[in-house]
Amino acid sequence: MAKTYNQLGLIGCGLMGGSLALALKRAQLVRHVVGYSKSPSTTARARQMGVIDTEAQSAMQACAGSDLIVLAVPVAATAELFKTIRQFVQADALTMDLGSTKQDVVQAAEKLLGWNAQYFVPAHPIAGKERSGVEHADAALYQGAKVVLTPTPATDLNKVQQAQALWTALGAQVQVMSALEHDSALAAVSHLPHLVAFAYVNSLLSQRDSEQLLSLAGPGFRDFSRIAAGDPVLWRDVLLANRTEVAGRLRELVLCIQQFQRALHAQDAQALEKLIASASRARGQWQQH
């Protein structure tokens, strides 16, 4: 059963962090939320919306007195943040991040938190929206979502159990795996699809009749390109942080595209139908639990 926390120190009051704060409040799992964002206007907006109760002037101020600390910042900012809040990552607090890559976060924690790294639980809630910002925060964002925890052998087991209980109480489905397993899997099913969507939309924009093409786009374009509306800075950081795994998955995709190219060039209807049928069958059987 999840414990109730006296104070959440939220660093990063955007979509992900804001949604978590709202979810914890709705579930009555936190009594008070102190929030900090690099942009004072974001922090002020979060307070106006009731996402946080108190505006902090620094990350350290948000952590002071908090028994739950959440780092909801771009993965590229995590290492610097560890330097700042190291003294607050202690046995009497549960500290988690929400980053989309985990090997870089784990390595930074081990390097910069030292002994205190055992009290940090790397977490990745696989949820989100195309639009970022606290104004899109949603208390139901994590309901039914998958949340992956990637503790190391040195991570305090009690902290892992606390994190599992917290996310489960919010209606999430929790999985535990290594940081490497996580990054490899997410490169295939999240990071690469985003890269492909970005590249596809750019390929349309590069054509002389791009405006006409887009004017004729319908449901197929809408569904396929939806994730291309993602936050540029966030996805830049994710793709760079997980570049080795993404590059490997990209090579596999190129080989599959070449199969389609060969079938088209040869006008091989049988081969083309076989390739389409394989994908259609797999997608039809897939269900997101």
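Please read these numbers as outputs of a predicted model, since none were measured by experiment.

1. So, the domain arrangement of the protein
Then, number 1: For the protein, the assigned domains read domain 1 (5–177) and domain 2 (182–285).
Then, number 2: Each of domain 1 and domain 2 has a C-alpha centre, and these two points are 31 Å apart.
Then, number 3: Contact residues are listed per partner, giving 16 residues for domain 1 and 13 residues for domain 2.
Then, number 4: Surface buried jointly by domain 1 and domain 2 totals about 1200 Å² across both partners, of which 62% is contributed by carbon and sulfur atoms.
Then, number 5: Put simply, domain 1 and domain 2 have zero salt bridges between them.
Then, number 6: At the boundary of domain 1 with domain 2, the tally comes to four residue pairs in polar contact (both at pLDDT 80 or more).

2. Brief notes about the side chain of D97
Then, number 1: Residue position: D97 is located in strand β5 (residues 94–97).
Then, number 2: Residue D97 is classed as buried on the basis of its relative accessible area, which comes to 1%.
Then, number 3: There is a polar contact of 3.1 Å between the side chain of D97 and the backbone nitrogen of G99.
Then, number 4: What D97 contacts, discounting residues up to four positions off in sequence, is L71, K102, V105, F120, V121, P122 and A123.

3. Considering the packing of helix α7 (residues 179–205) against helix α11 (residues 243–265)
Then, number 1: Closest axis-to-axis distance for the α7/α11 pair is 8 Å, and the angle between their directions is 55 degrees. With respect to their mutual orientation, α7 and α11 come out oblique. Where α7 crosses over α11, the two elements pack in a sense that is right-handed. For the pair formed by α7 and α11, the contact residues are L180, D183, S184, A185, A187, A188, H191, L192, L195 and V196 on the first element and E245, V246, R249, L250 and L253 on the second.
Then, number 2: Residue classes in the contact of α7 with α11 are distributed as ten nonpolar, two polar and three charged.

4. Some points on helix α6 (residues 157–169)
Then, number 1: Between its first and last C-alpha atoms α6 spans 18 Å; for 13 residues at 1.5 Å apiece the expected length is 18 Å, and the two agree.
Then, number 2: Among the residues of α6, those classed as buried are K159, V160, A163, A165, L166 and W167.
Then, number 3: Its side-chain oxygen placed 2.7 Å from the backbone nitrogen of N158, D156 serves as the N-cap of α6.
Then, number 4: At the C-terminal side of α6, G171 shows a positive phi close to 90 degrees.

5. Re the packing of α7 against helix α10 (residues 232–241)
Then, number 1: Two elements in contact, α7 and α10, have axes separated by 11 Å at closest approach and are oriented at 125 degrees. As far as their axial angle goes, α10 and α7 are oblique. Between α7 and α10 lies a crossing whose hand is left-handed. Across the interface between the two elements, S190, H191, H194, L195 and F198 from α7 touch W235, V238 and L239 from α10.
Then, number 2: Here the contact of α7 with α10 is composed, by residue class, of five nonpolar, three polar and no charged.

6. With respect to unusual backbone geometry
Then, number 1: Despite not being glycine, Q28 shows a phi value in the positive range, around 55 degrees.
Then, number 2: The phi angle at Q267 is positive, at roughly 50 degrees, despite the residue not being glycine.
Then, number 3: A residue is classified by how much of its surface remains accessible, and Q267, at 73% relative accessible area, is exposed.

7. Some words on the pairing of β5
Then, number 1: Residue alternation in β5 divides its side chains into two sets, L94 and M96 and T95 and D97, and both sets are buried.
Then, number 2: Where strand β4 (residues 68–71) and β5 come together, four bridges link them in parallel fashion. Bridge pairing in β5 links I69 to T95.
Then, number 3: What joins β4 to β5 is helix α4 (residues 78–85), and the crossover it makes is right-handed.

8. Observations regarding the environment of V201
Then, number 1: By secondary structure assignment, the location of V201 is in helix α7.
Then, number 2: Of the residues examined, V201 reaches a relative accessible area of 19% and is grouped as buried.
Then, number 3: As for V201 and A228, which are separated by 27 residues in sequence, their C-alpha atoms are 7.3 Å apart.
Then, number 4: Discounting chain neighbours no more than four positions away, the residues touching V201 are S225 and A228.

9. Points about the packing of aromatic side chains
For any pair of aromatic rings, the description consists of the separation of the ring centres together with the inter-plane angle of the planes.
Then, number 1: Taken as a whole, this structure holds four aromatic pairs when the rule is applied.
Then, number 2: Between Y142 and W167, the aromatic rings sit 5.3 Å apart at their centres with planes inclined by 80 degrees, giving edge-to-face as the arrangement. Placement of the pair is Y142 in the loop between β7 (123–126) and β8 (146–149) and W167 in helix α6, with a sequence separation of 25 residues. Considered together, Y142 and W167 belong to a single accessibility category, that of buried residues.

Quick notes on the rules
- Residues numbered from 1 in each chain as written.
- Predicted model: local features only at pLDDT ≥ 70, side-chain atom pairs only at ≥ 80, totals over all residues.
- Heavy atoms only, no water.
- Domains from an automatic or database assignment.
- Contact = heavy atoms within 4.5 Å.
- Buried area = accessible area lost by both parts, 1.4 Å probe.
- Salt bridge = Lys/Arg side-chain N within 4 Å of Asp/Glu carboxyl O.
- Polar contact = N/O pair within 3.5 Å; in protein donor to acceptor, adjacent residues only side chain to side chain.
- Helix = DSSP H or I, 4+ residues; strand = E, 2+ residues; numbered from the N terminus.
- Buried < 20%, exposed > 50% of the residue type's maximum accessible area, 1.4 Å probe, protein only.
- Axes fitted to C-alpha atoms, helices over the stretch in contact; angles between N-to-C directions.
- Parallel < 35°, antiparallel > 145°, perpendicular 65-115°, else oblique.
- Left-handed = near helix turned anticlockwise from the far one by under 90°.
- Nonpolar A, V, L, I, M, F, W, Y, C, P; charged D, E, K, R; others polar.
- Expected span 1.5 Å × (residues − 1).
- Pairing = 2+ DSSP bridges.
- Right-handed = clockwise from strand over helix to strand, strands pointing away.
- Phe/Tyr/Trp six-rings, centres within 6.5 Å; stacked < 30°, edge-to-face > 60°.

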